[in-house]
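A look at the structure
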Amino acid sequence: MSKLFEETRSLKAPVWGVIPRAAWPLVVAIAIGALIYFGVSPLVGGFVSKVMLIVGINIVLAVSLNIVNGYTGQFSMGHAGFMAVGGYVAAGIVYYGSIKLWGSADPAGGILSIVQEGPKSGPLLGKGDFLFVISCLIGGLVAAGAGYVVGLPSLRLRGDYLAIVTLGFGEIVRVILQGSHDQIQPWKAADAAAMPVYELAWKLGGPKGFNLVPTYTTLFWVYFWAVLTCIAAYRLKSSSSGRAFLSIREDEVAAQAMGVDLTKYKVRAFVFSSFFAGVAGGLYALDIGAISAGDLNFIKSFDIIIMVVLGGLGSISGAVLAAVILSILPEALRDFQSYRLIVYALLLIVIMIVRPQGLFGVREVWDLKIFKRRGGGLGGSAGGAP
Amino acid sequence: MTQFLQTLFDGLTVGSLYALIALGYTMVYGILKFINFAHSDVFALGVWMTIVWSKWLGLGQPGAAPTPWYMGALVLVLAMASCGLVGFVIERVAYKPLRSAPRLNVLITAIGVSLLLQNTGQLKFVFGPYPKPIPSLIDSTELFSMMGVSVRMADVAVIGTAAALMIAMQWLIFGTKLGAAMRAVSFNTRNASLMGINVDLVISFTFVVGSMLAAAAGFLYAMKYEGQAKQTADSMWVMLGLKAFVAAVVGGIGNVRGAVIGGLLIGLIEFFGVSYLSSHYRDAYVFAILILVLLLRPEGVLGKATVEKV
Amino acid sequence: MLDVRGISIAFGGLKAVQDFSLSIPRGGLYGLIGPNGAGKTTCFNLLTGVYTPSEGSIAVDGVDVTGLPPHQIAVAGLSRTFQNIRLFGQLSVLDNVLLGLHLRGRHSLASTLLRTGFHVSQERAMAAVAMRLLETFGLANRAEEQGKNLPYGDQRRLEIARALATEPKVLLLDEPAAGMNPQEKKALRELIQRVRQEFGVTILLIEHDMGVVMNICERITVLNFGQTIAAGTPDEVQNDPKVIEAYLGTE
Ligand SMILES: Nc1ncnc2c1ncn2[C@@H]1O[C@H](COP(=O)(O)OP(=O)(O)OP(=O)(O)O)[C@@H](O)[C@H]1O
Ligand SMILES: [Mg+2]
């Protein structure tokens, strides 16, 4: 039609460059995970390490929820439900998988998964680590599948209806998991080993929760995933798909008129977001060595929502920052435990009235003026410095 | 047969509680178009106000004389008044500044208010973190038994009071000038204010009435479950409130009669599910119904479908 | 290029549009006028799939689009602006245009996450095209600003740019001159003419400003209470007694 558009149509895909661009996030994730695990953790000691671990898992949760609630402006209140799905799947795979594969539910990880403090020895990765990594991935995938199912009706439900449906989803997940059968205890490993997989799949401990799962989650794995989540969220945000997400949040009618397929993108957001929630669930379960659906109720979903809202709906760095602050705060305010949630609640109300877009809105920390001024020749006050 | 009738009766009793709470959700939604998440906490507050006022008046405590019915009614009125006041304050402080804000913001604020109420209630100098017994304001022995269905005084009081309040609401909304103003605001806020209706007043009034109904539901809940120990921080309260919200949606949100029908329906579904399917999944039935209704008939049983103007 | 046959819609008892037909040849510039509430915007909503017509059919370049969801109609080549500007306010001016370009590209989740070569070169090409489009509209120097911070006239022009970015066959403009001063209106008239030539699009224009409509439109359709009361060249329409009555009757 017009010369203007020819360029986009005659695109040829250069093959080079794919591998480095696809691979560097992995490298960075491994590097940062290793740095924190081997470098920072021994310096700061056990308690701080533990807090850092919670921070890391919350980063994964907040950044992933932000994709649904922040980017597309839908309102999911069932993030803990996706976390529970992923967590139970991962815990089930690791627990019964260990029993099936090597006859006992003892941890069998390498250096990267040794939970205890102190000097570590042995191979970098043990046989259990592969099981662990795969279990988190499958947990994420199953959660993503659940996200697909929940995301589908999202087209027909605007705003607060969707909020209630997702909340209902989370509660249904909880109720169903609490209705599962008793877990086969570790000392009956032989029984479990003889049982077919489909029978084991429903022996998840019921209301007592799923316990005595071997632990693998260390700071390395948590920050490995946290970095991956952030990079993935960033790549999404700064691409055409990300703009499509944001456009839905800004104005659904206009977005559709611009050719944005609402169903496709809303579902995509859910799938993507719940995948990482599932992974976070896996990390959480295999850190504590137990998971209980009762703990992952809508209060937990609210906690994550508060992080997203505080950080800024749509801001990755904002979500990270909020996750850090809101995970450390309760530890720092242990003596004021009963006031913690009151403070949170007031924070939510005040933010909504005073700064409805959250700390950063859709922007990122590095978009702030203070960071921009240095580079720019137009700089105002900073320009005067010699 | 007996099991069927008993289930039916229990379902209707609890369903009428849901209906009372659902009325509050529906009225606020009708006017402000958002889910007042804090409504379930106002209901819980109703239960606590019943406990507090009874204790203050020395009613229904262990060893005390049976409570005369008019004292019970006094507790009901006091609970309704205190919750009405709380509803008024919530609206003025938290929601009013957000009148023209996106609905998502209001929703988040409502969650904040809900958390605030819950956790304030837990403080030592408010209601405290420990379970407290519900006073027995009403004779709990069996009144009569019909075809194996046991009917207690409390059940009669619950259904009777709920029905009376619902009829009063019907009259208020469709038979008074204030009700006409409420309907006008709910139809089109801007036009209503152009017609000289004091919109702020109507909205405040709606909140107060909704909160009072929730308080009444709380009081009746305390009648039904008298003697049991309850905790302030229990997700059960939110759950009850949510089921009532589901009732409002199922009936057609914004529709007063729909809320009543939805409430009874949800009560029945819950109890029949529990007694004929499995008690494990009690909460799941209600949400499954919600999702079903939203997918098949998003406007609810009595609601009207609307087209967004572009 | 655009073939509309007898479309209708009613809201409750209100027959907002009744039996509306229109046929625009390739490259045509047609107008749609009528008093307030006549059903003009509703026509656009029907054409773009916001509402589904209860009867009748719509075809774009010979392809039937009746009943398709809005995004597919956009793919088929129908794009619009909105009477009450609907920009993506929090997004930058550039991003607004990039969104328009979105539907002609390919965007899989995998290529986005892995940043494949194709993905990167597509993003670059899109950015270049968007910048050139902004230059055409004199908005290039504001590319990084948030949409909502633009002055009113710029917002209207940005909406046209965004709609053009979808590479439409037919462009629907809903009161583009609303709220503009005479100077801006004159510039807009030239802009519309230029767009039509440079991009070769077919244009249907809703406008209350008779100066704009009568000067640039080849043919005009007049609506009143949802019904087509006249259609013809500007001269014919201006002298049609029914049209005069419709306009005088409402004033
Ligand atoms: N979604 C809707 N629901 C109910 N009525 C509607 C809806 N959309 C439009 N209408 C009504 O249809 C009629 C036509 O409206 P429309 O917006 O098409 O008029 P218009 O010709 O664009 O007027 P204007 O010049 O003021 O823009 C109006 O009476 C309007 O109130
Ligand atoms: Mg119009």
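Note that the coordinates shown come from a computational prediction; the quantities given were computed from them, not determined experimentally. (Residues numbered from 1 in each chain as written. Chains lettered and ligands numbered in written order. Predicted model: local features only at pLDDT ≥ 70, side-chain atom pairs only at ≥ 80, totals over all residues. Heavy atoms only, no water.)

With 39 residues of chain A at the contact, the number on the chain B side is 45 residues. Each partner contributes to the roughly 3800 Å² buried at the junction of chain A and chain B, and carbon and sulfur atoms together form 80% of this total. Contact with chain B buries area across many residues of chain A, yet A:Asp160, A:Tyr161 and A:Ile164 alone supply 18% of it, more than any other trio. At the junction of chain A with chain B, the criterion picks out 1 salt bridge. A salt bridge links A:Arg174 to B:Asp283; the nearest nitrogen and oxygen atoms lie 3.7 Å apart. Run the count over chain A and chain B and you get 0 residue pairs in polar contact (both at pLDDT 80 or more). Those elements giving two or more residues to the side of chain A that touches chain B turn out to be helix H5 (159–178), helix H12 (298–311) and helix H14 (337–354) of chain A. Considering every element that reaches the side of chain A that touches chain B, the biggest residue donor is H5(A), with 12 residues. Residues that form the side of chain A that touches chain B fall into these classes: 29 nonpolar, 5 polar and 5 charged. (Contact = heavy atoms within 4.5 Å. Buried area = accessible area lost by both parts, 1.4 Å probe. Salt bridge = Lys/Arg side-chain N within 4 Å of Asp/Glu carboxyl O. Polar contact = N/O pair within 3.5 Å; in protein donor to acceptor, adjacent residues only side chain to side chain. Helix = DSSP H or I, 4+ residues; strand = E, 2+ residues; numbered from the N terminus. Nonpolar A, V, L, I, M, F, W, Y, C, P; charged D, E, K, R; others polar.)

All of the protein donors around the magnesium ion (ligand 2) are C:Thr41 (OG1) and C:Gln83 (OE1); their distances to the metal are 1.8 to 2.1 Å. Of this pair, C:Thr41 sits in helix H1 (residues 40–47) while C:Gln83 sits in the loop between strand E6 (78–80) and helix H3 (93–101); the two residues are 42 residues apart in sequence, bridging distant segments of the chain. (Donors = N, O, S within 2.8 Å, 3.2 Å for Na, K, Ca; no water.)

Accessible area lost when the parts come together is the quantity often used to give the size of an interface. Taken together, the contact pairs 43 residues of chain A with 51 residues of chain C. Summing both sides of the interface, chain A and chain C together bury roughly 4300 Å²; the carbon and sulfur share of this comes to 64%. Between the two partners, chain A and chain C, sit 3 salt bridges. Across the pair A:Arg243 and C:Glu123 runs a salt bridge whose closest N-O atoms are separated by 3.3 Å.

So, on to the domain arrangement of chain C. All names here are of chain C. Domain annotation for chain C reports domain 1 (2–87 + 166–248) and domain 2 (88–149). Placing the centre of domain 1 and that of domain 2 at their C-alpha centroids yields a distance of 28 Å. Each partner contributes to the roughly 890 Å² buried at the junction of domain 1 and domain 2, and carbon and sulfur atoms together form 62% of this total. Sorting the residues of domain 1 by area buried against domain 2 places Val75, Leu87 and Thr166 first, and these three jointly supply 52% of that buried surface. Counting every contact that joins domain 1 to domain 2 gives 1 salt bridge. Note that Arg104 and Glu167 form a salt bridge whose closest N and O atoms lie 3.9 Å from each other. At the boundary of domain 1 with domain 2, the tally comes to 5 residue pairs in polar contact (both at pLDDT 80 or more). Only helix H2 (70–76) and helix H7 (182–199) provide two or more residues apiece to the side of domain 1 that touches domain 2. (Domains from an automatic or database assignment.)

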